[in-house]
Amino acid sequence: MLPAALRRWLRRPKRSDPRLLSQFFFADEEVTRVVAEINGLNAELDPQQYLVLLNQLHLSQAHLLAVLEQIMEECIPTQRHSRDYLVKFPEELLVDNLGNHMLFAAECLLAGTFLEAEEMDGAQLRAQARNLLCSLELVRTVLREQSLSQPGSYPEPVRAVLIQFDRLFAEFELSYVSSLVAVKSPEEIYRQQEIVVLFCETVERALRLGYLTQEMIDGYEPLLMFTIPRLAIISGLLIYPEGPLSLEQSSEQMSQVFSPFYNLLKKIRDLLQVLSAEELCLLERSLCTAESEDPCGLATPTAWGSAIPRADPPAPWSLLEVPCAPRVPSTCTAQLGPSSTVDDPDTDQHWGPQSPRSSSGLNATPAARCLELRSRYSSTKDMLHTLFVCISGVADQLQTNFASDLRSILKTVFKIVTSQAEPSEEPGASQEEDGDPCLVDAPQVANCPLCCSPAEAAGLRRTGAHRLPEWVPDSTCSQCSACRSPFTLLRRRHHCRSCGKIFCARCSPHAAALPHYGQPKPVRVCTHCYTTHLSPVPRRNQSQ
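What counts, and at which threshold
Residues numbered from 1 in each chain as written. Predicted model: local features only at pLDDT ≥ 70, side-chain atom pairs only at ≥ 80, totals over all residues. Heavy atoms only, no water. Helix = DSSP H or I, 4+ residues; strand = E, 2+ residues; numbered from the N terminus. Areas by Shrake-Rupley, 256 points an atom, 1.4 Å probe, with all protein chains shown as cover. Salt bridge = Lys/Arg side-chain N within 4 Å of Asp/Glu carboxyl O. Buried < 20%, exposed > 50% of the residue type's maximum accessible area, 1.4 Å probe, protein only. pLDDT = per-residue confidence, 0-100. Contact = heavy atoms within 4.5 Å. Core = buried A, V, L, I, M, F, W, Y, C linked by side-chain atoms within 4.5 Å. Phe/Tyr/Trp six-rings, centres within 6.5 Å; stacked < 30°, edge-to-face > 60°. Expected span 1.5 Å × (residues − 1). Polar contact = N/O pair within 3.5 Å; in protein donor to acceptor, adjacent residues only side chain to side chain.

**Structural notes on the overall build of the chain**
Part 1 of the reasoning: A count of helices and strands for the chain gives 20 helices and four strands.
Part 2 of the reasoning: Carbon together with sulfur atoms contributes 54% to the accessible area of the chain, which is approximately 28500 Å² in total.

**A word on the pattern of salt bridges**
Part 1 of the reasoning: Counted under the stated rule, the structure contains 18 salt bridges.
Part 2 of the reasoning: A salt bridge links R167 to E171; its shortest N-O distance comes to 3.3 Å. Highlighted residues: R167 and E171, both in helix α6 (residues 156-180), separated by four residues, approximately one helical turn.
Part 3 of the reasoning: Salt bridges here are not isolated pairs; linked through shared partners, they connect D28, E137, R140 and R144.

**Topic: the environment of P522**
Part 1 of the reasoning: Here P522 shows up in strand β4 (residues 519-525).
Part 2 of the reasoning: Overall, P522 belongs to the partly exposed group, its relative accessible area being 35%.
Part 3 of the reasoning: Residues P522 and A511, 11 residues apart in the sequence, show an inter-C-alpha distance of 5.1 Å.

**Notes on the confidence of the model for the chain**
Part 1 of the reasoning: Of the residues in the chain, 71% reach a pLDDT of 70 or more, and the chain-wide mean stands at 75.
Part 2 of the reasoning: Every residue in residues 325-365 scores below 50 in pLDDT, and together they form 91 contacts with partners more than four places removed in sequence or on other chains.

**A few points about helix α11 (residues 277-287)**
What sets the pattern is the α-helix's 3.6 residues per turn: residues three or four places apart point alike.
Part 1 of the reasoning: Taken across its 11 residues, α11 has 11 buried, putting it largely inside the fold.
Part 2 of the reasoning: Along α11, the residues classified as buried are A277, E278, E279, L280, C281, L282, L283, E284, R285, S286 and L287.

**Considerations on the nonpolar core**
Part 1 of the reasoning: Core analysis: the biggest nonpolar cluster contains 57 residues, and F199, F258, L265, L272 and L283 have the highest contact counts within it.
Part 2 of the reasoning: Residue assignment for this core shows that the elements contributing at least two residues are α7 (186-209), α8 (214-218), α9 (224-239), α10 (262-273), α11, α13 (367-374), α14 (380-401) and α15 (403-417).
Part 3 of the reasoning: When sequence neighbours within four positions are dropped, the list of residues in contact with F199 reads I228, P229, A232, L406, I409, L410 and V413.
Part 4 of the reasoning: In this structure, Y85, L125, L132 and A170 belong to the second largest nonpolar core, which totals 43 residues.

**Focus: the packing of aromatic side chains**
Part 1 of the reasoning: Within the structure shown, the criterion is met by four aromatic pairs.
Part 2 of the reasoning: Ring geometry for F172 versus Y176: centroids 5.7 Å apart, planes at 20 degrees, classification stacked. With a gap of four residues between them, F172 and Y176 both fall in helix α6, about one helical turn apart. Here the two residues F172 and Y176 agree in accessibility, since each one is buried.
Part 3 of the reasoning: Ring centres of Y220 and F414 lie 5.2 Å apart, and the angle between their planes is 50 degrees; this geometry places the pair in the tilted category.

**A look at helix α2 (residues 20-39)**
Part 1 of the reasoning: Taking 1.5 Å of rise per residue, 20 residues should cover 28 Å, and α2 covers 29 Å from first to last C-alpha, within 8% of that figure.
Part 2 of the reasoning: All of the buried residues in α2 are L20, L21, S22, F24, F25, F26, A27, D28, V31, V34 and I38.

**Some words on the environment of V139**
Part 1 of the reasoning: Mapped onto the elements, V139 comes out in helix α5 (residues 119-149).
Part 2 of the reasoning: When its relative accessible area of 0% is taken as the criterion, V139 is described as buried.
Part 3 of the reasoning: The spacing of V139 and V158 is 19 residues in sequence and 7.8 Å in space, taken between C-alpha atoms.
Part 4 of the reasoning: Setting aside its immediate chain neighbours within four residues, V139 contacts L68, V161, L162 and F165.

**As for unusual backbone geometry**
Note: most peptide bonds trans; most residues except glycine with negative phi.
Part 1 of the reasoning: Here the phi dihedral of Y220 falls at roughly 50 degrees; this positive angle occurs in a residue that is not glycine.
Part 2 of the reasoning: For Y220, the position within the fold is in the loop between α8 and α9.
Part 3 of the reasoning: We note that R484 has phi near 65 degrees; this positive angle belongs to a residue other than glycine.

**Structural notes on the side chain of S147**
Part 1 of the reasoning: Note on placement: S147 falls in helix α5.
Part 2 of the reasoning: Of note is the side chain of S147, whose polar atom sits 2.6 Å from the backbone oxygen of R144.
Part 3 of the reasoning: Beyond its immediate stretch of four places on either side in the chain, S147 contacts P13, L21 and F25.

Below, the structure written as structure tokens:
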């Protein structure tokens, strides 16, 4: 009978085998090799080589986990543990190699590394880390044996260990992140979804009134990051007072994004209630500008000329120079009317009296209260300037103190309110005649081997050649070939299987089959190759 080592050598899969278990075998073998080199190295005598091997270990473990993720998607797609908890995490933690960081954290915990957590939480995390690493070793052993016997099938024992590892990994990931950063509660997630709705309603109202244009939204104007939250504060306090900015509830019931400004929002609301429709329009127009010297000036800013209504308020004198104390408009004795009277800046109708059960939900402001509020300011210009500063201050604080939450909210808003591309009547014919529409916006890559010889690239696809592209060595590339972002511990290197160049995860998010390279299953390709050098047929098949 043949020795076990010889039997393993004879059953060893080929590197060209595209099956996932065969790829896992070589990925696991690389991790084992690097670990053996690290264990046999004296870090004090050769610290530079130790750092090189440590980086190789990080890369090889990331590749191993990526292949393992593909195996689980192929083997147990309907039995994966729920990852819905990821919506609770801060956006900056949702990186492509989060799993590799979790594995590294588990190894550090098991080695006794100090962790900034409560003693009870630390003990629970160490127990979870131990179970996770033991499960990973079991998965590696079972998959290695399976790759040497039948690399094309997944028997029940393999499925069982994968299900267990997936569950333990998800539980450790949630517990570890929750012990280090504040994760959102389900109630907070719901409140932020209400803010998304408020922001979308604000954008729709601003488009209707001409404060913004669809071209600005489609072009992702940077100033909108400040303009939308500013206008949303007014909408949340006046137009939709029962929404997420309702001040009838306590500050604890508001979203954590706006709850620190609870008292300031009350003062802003009180001042907003004494404004006439013309003054409100003037304030909102000033909030849409980047000018800070004279925020309440009547002149229309040049950069926003096409977006801001040019109709002057129908007042016999300038609103900005009228003293506030002697003038008490009729709006101060009435409740805020329907939003249509406020939305139209050219209407002559002021906010008329409403019944106490009006849908706006705001209490009527007595004339004395209105007079007292206006008497605090020397003129209307002073009052509007104060409102401008307060509202802008709250919006700026959102950018500073809640940058991650606000970025996530605005990203969702832009996905909803941006114009959708109209589908062509005959997509197949247009692609064949005019080419792939993605070619127009395809990122250019310097010295792309397929771009340098397009005839050779077309010949590869026609003849089905199996000559793999020459991979760029990791040591010779310090930045992404497309966006030129430098590689760091968090921004990892990824090889495109089509051109062989190195990209970051954002510039190589696609997967496509490359039959001309002997890759019948989807593999990682860069955006440039995906949109430029791959025909629409394989991509349509992949999307289906």
